[in-house]
Amino acid sequence: MNAVNLLFILPLFFTITLPHSVNSVKQNSSNETIPQHFFEVTLPLPTDNITPSCSVNLLNHTFTNTTNSSSVTVNYTTPPDKCHWSVAVLDFKVIYNGEQDTSNGIAGVWINGVELLRTTTAQPSENGSFWNIRKDVRESGSHSLNRKLMSFENDIKNRENEDKLGFDRVIKSAYPYDTPADLVIPLSEASDDGFWFKIHDESEIRTKNVRICPKTYKAVLELYVSFHGDDEFWYMNPPDSYKKSNDLPFTNGKGSYREVLVTIDGKLAGTVIPFPVIYSGGINPLFWKPVVSIGAFDIPSYDIDLTSYLGLLLDNRNHSIGFQVADGGSFWLVDANMHLWIDDTNVQAIVEYEPPSMEIEHDYEFEGLDGTFETEVERSMSSIRMIQSSKGILKTKVTEEIKFKNKLKFKEDGTRKELEQKIKTKTKVKTTDSKGHSVGEIVIEKTYPLKITIASGSRVNTTVVQGRSVSFSDEVASISRVLNHDLNCTGWMMAKGNSGFAENHQSYSYDDGEGGCYSRTVDVVEGDVIADETTSNCVK
């Protein structure tokens, strides 16, 4: 196939102009304003340097105020027939020329209720702010993008609280999409506020009824999650007993463990402890100019394999898919896309699965405003399924282990907070054919370490050390891929005003196991990028 026929771009442009004007702006030699360019260190798309065969302008909109703004919906039509494509890239661009604080903003992009992108906003800058996100949307959007007419929707708001303002594909997925799904069903809720479900506490369960085609032989739930308000920093929340004992007025509490639960007809089918994305106003806003934190511009989604539950779903009846946040505070934004692979004939599914097991331990010791709060969680899930379709009989065993450790210390009358946390998951998927021959043996391992220190006073000293490590291997296919992303930030801010000092050092590396590598190191001091080195050499 000719290179120019590989992809089409779905450009999406936003201009955010809020009431305040900028008094001082920089200009280049052509007398043009130069906005501050914000970016996330991540793996570039293989198609970034390929000229698209065509592009479709989805939306060009100016948000004059995001305080109480509704989402924006436009009709989407497919590319012209002369455009031949196999890759679709969403090109999300934002220009902000105001002074209103956008550092806790959240935005979503949906097509017919199927979420394509969850992202956060950058901070305002003296000369304006600009950022650009490019995302391959084949997996979630391939079925929808071929339909003749549909709605395309975007919502962008500030989510600090309800009263203010308004990677590589195989690495991400625990159950790799060898081919795009035949059908993607949105598990979302249409409203003026977007398509996400808003969950305010642990007792709230949001549900969506869905009917699955009896010809379905594979089902994967793609879960989108973001946390706001009292739970924006859920991993640093003290227990309610600490708040009560010290008669503290703040509302964030409930301890430092959160888990998103997915149910089918009220039965637990999958869980996710989300990666702790830090938004651009978080911990120390000076850290995130102009390089944002890990996952801030492309908030990760999470795949939950529901194939093991097809025995419950293939009866051509409605079933309730539920979402809940264990120990959750206000508020969380959750929705999902259900990816379905459909056969030519009805599918037979026989499944044996063990009820998920969970162990949780809390160790809280405090006196006055000082204390140590430790939480450890271990969860395991296991299932064996036999799926008979036109592809034959495939037997698959799936096991998943989740480990969570969080240690939070309050010192010096509660003015110094120290966090040390680690999330680890390991998923194994082993598939054999009717003769017992192995056709796939996949292992996915993820590790998310996080250390934060905040020492408050007239000057607030802060550090953030964070990592994201993901490995994928398939022994049968002789595939091994590894991604590592590390972040190290140190600095301070005056308690009043925005003056301070910050350093942000990030290193990113990806190895596809087949001689393809990418690494990037970025160093930022006081908002200036002093080093930015990229290489495609594999270092063994």
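One can find the structure itself at the top, above this paragraph.
Description of the structure in this document.

Here the focus is the packing of aromatic side chains. The geometry of an aromatic ring pair comes down to the distance between the two centres and the angle between the two planes. Per the counting criterion, the structure on display carries 20 aromatic pairs. Residues W234 and Y235 carry aromatic rings whose centres are separated by 5.4 Å and whose planes lie at 75 degrees to one another, so their mutual orientation is edge-to-face. The burial state of W234 is the same as that of Y235; both residues are buried. Relative to Y518, the ring of Y508 has its centre 6.1 Å away and its plane inclined at 70 degrees; by these criteria the two rings are edge-to-face. Within this pair, whereas Y508 is found in strand β27 (residues 500–511), its partner Y518 is found in strand β28 (residues 517–525), the two being separated by 10 residues in sequence.

Another point: the state of the cysteines. Each disulfide consists of one covalent bond between the sulfur atoms belonging to two cysteines. Inspection of the entire model under this criterion finds 1 disulfide. Each sulfur of the disulfide joining C517 and C538 lies 1.8 Å from the other. Note on the C517 and C538 pair: the S-S dihedral is about 105 degrees, so by sign convention the disulfide is right-handed. Of this pair, C517 sits in strand β28 while C538 sits in the segment after β29 (528–535); the two residues are 21 residues apart in sequence, bridging distant segments of the chain. A relative accessible area of 14% places C517 in the buried class.

Strand order in the open sheet formed by 10 strands is β20-β21-β22-β23-β24-β25-β26-β27-β28-β29, and the pairing between neighbours is antiparallel. Strand pairing shows two members of the sheet lacking a second neighbour, β20 (348–367) and β29, which therefore form its edges. Ignoring strand direction, the axes of neighbouring strands in this sheet form an average angle of 5 degrees. Two elements, strand β22 (residues 392–411) and strand β23 (residues 416–432), share 17 bridges in a ladder whose sense is antiparallel. Within the sheet, the bridge partner assigned to T396 lies in β23 and is T431.

For the rest of this paragraph, the subject is the pattern of salt bridges. Inspection of the entire model under this criterion finds 17 salt bridges. For R118, the salt bridge goes to E115, with nearest N and O atoms at 2.7 Å. Across this residue pair, the class does not change: R118 and E115 are buried. Between R206 and E204 there is a salt bridge, with the nearest N and O atoms lying 3.6 Å from each other.

Let us now look at a positive patch on the surface. A surface patch of like charges, here positive, comprises K397, K403, K405, K422, K424, K426, K428, K430 and K451. If you list the elements that add at least two residues to the positive patch, you get β22 and β23. In terms of residue count, the dominant contributor to the positive patch is β23 (5 residues). Mapped onto the fold, K422 is located in strand β23. For K422, a relative accessible area of 40% corresponds to the partly exposed category.

Because side chains alternate across strand β17 (residues 302–305), one face comprises the buried residues Y302 and I304, and the other comprises D303 and D305, equally buried. The pairing of strand β14 (residues 216–227) with β17 spans 4 bridges and is classified as antiparallel. Residue pairing for β17: E222 is matched across the bridge by D303.

This part takes up the sheet that holds strand β15 (residues 259–264). Across the sheet, which stays open at both edges, the 4 strands sit in the order β13-β18-β15-β16 with antiparallel pairing between neighbours. Because the sheet does not close on itself, it has two edges, and the strands there are β13 (206–211) and β16 (267–272). Across this sheet, the average inter-strand angle for adjacent strands is 25 degrees, counted without regard to direction.

Before going further, it helps to spend a moment on a negative patch on the surface. A contiguous patch of negative charge on the surface is contributed by E359, E361, D363, E365, E376, E378 and E401. Here the negative patch takes 4 residues from β20, the largest share from any one element. With respect to the element layout, E365 can be found in strand β20.

Once that is clear, we can look at unusual backbone geometry. Leave glycine aside and you will find that most residues have negative phi; peptide bonds, for their part, are mostly trans. Note that the residue after K289, namely P290, is joined by a cis bond; omega there is -5 degrees. Mapping P290 onto the fold places it in the loop between β16 and β17. Of note, the amide linkage connecting S330 to F331 takes the cis form, showing an omega dihedral of 10 degrees. Position of F331 relative to the elements: it lies in the loop between β18 (318–326) and β19 (332–342). Residue K254 is not a glycine yet carries a positive backbone phi of 70 degrees. If you trace the backbone, K254 turns up in the loop between α3 (240–245) and β15. Here the phi dihedral of E412 falls at roughly 50 degrees; this positive angle occurs in a residue that is not glycine.

Cut-off values and rules
- Residues numbered from 1 in each chain as written.
- Predicted model: local features only at pLDDT ≥ 70, side-chain atom pairs only at ≥ 80, totals over all residues.
- Heavy atoms only, no water.
- Phe/Tyr/Trp six-rings, centres within 6.5 Å; stacked < 30°, edge-to-face > 60°.
- Buried < 20%, exposed > 50% of the residue type's maximum accessible area, 1.4 Å probe, protein only.
- Helix = DSSP H or I, 4+ residues; strand = E, 2+ residues; numbered from the N terminus.
- Disulfide = S-S within 2.5 Å.
- Pairing = 2+ DSSP bridges.
- Axes fitted to C-alpha atoms, helices over the stretch in contact; angles between N-to-C directions.
- Salt bridge = Lys/Arg side-chain N within 4 Å of Asp/Glu carboxyl O.
- Patch = residues over 30% accessible without salt bridge, like charges linked within 9 Å, V, L, I, M, F, W, Y side chains within 5 Å.
- Areas by Shrake-Rupley, 256 points an atom, 1.4 Å probe, with all protein chains shown as cover.
- Lys, Arg positive; Asp, Glu negative; His and termini not counted.
- Charge placed at Lys NZ, Arg CZ, Asp CG, Glu CD.

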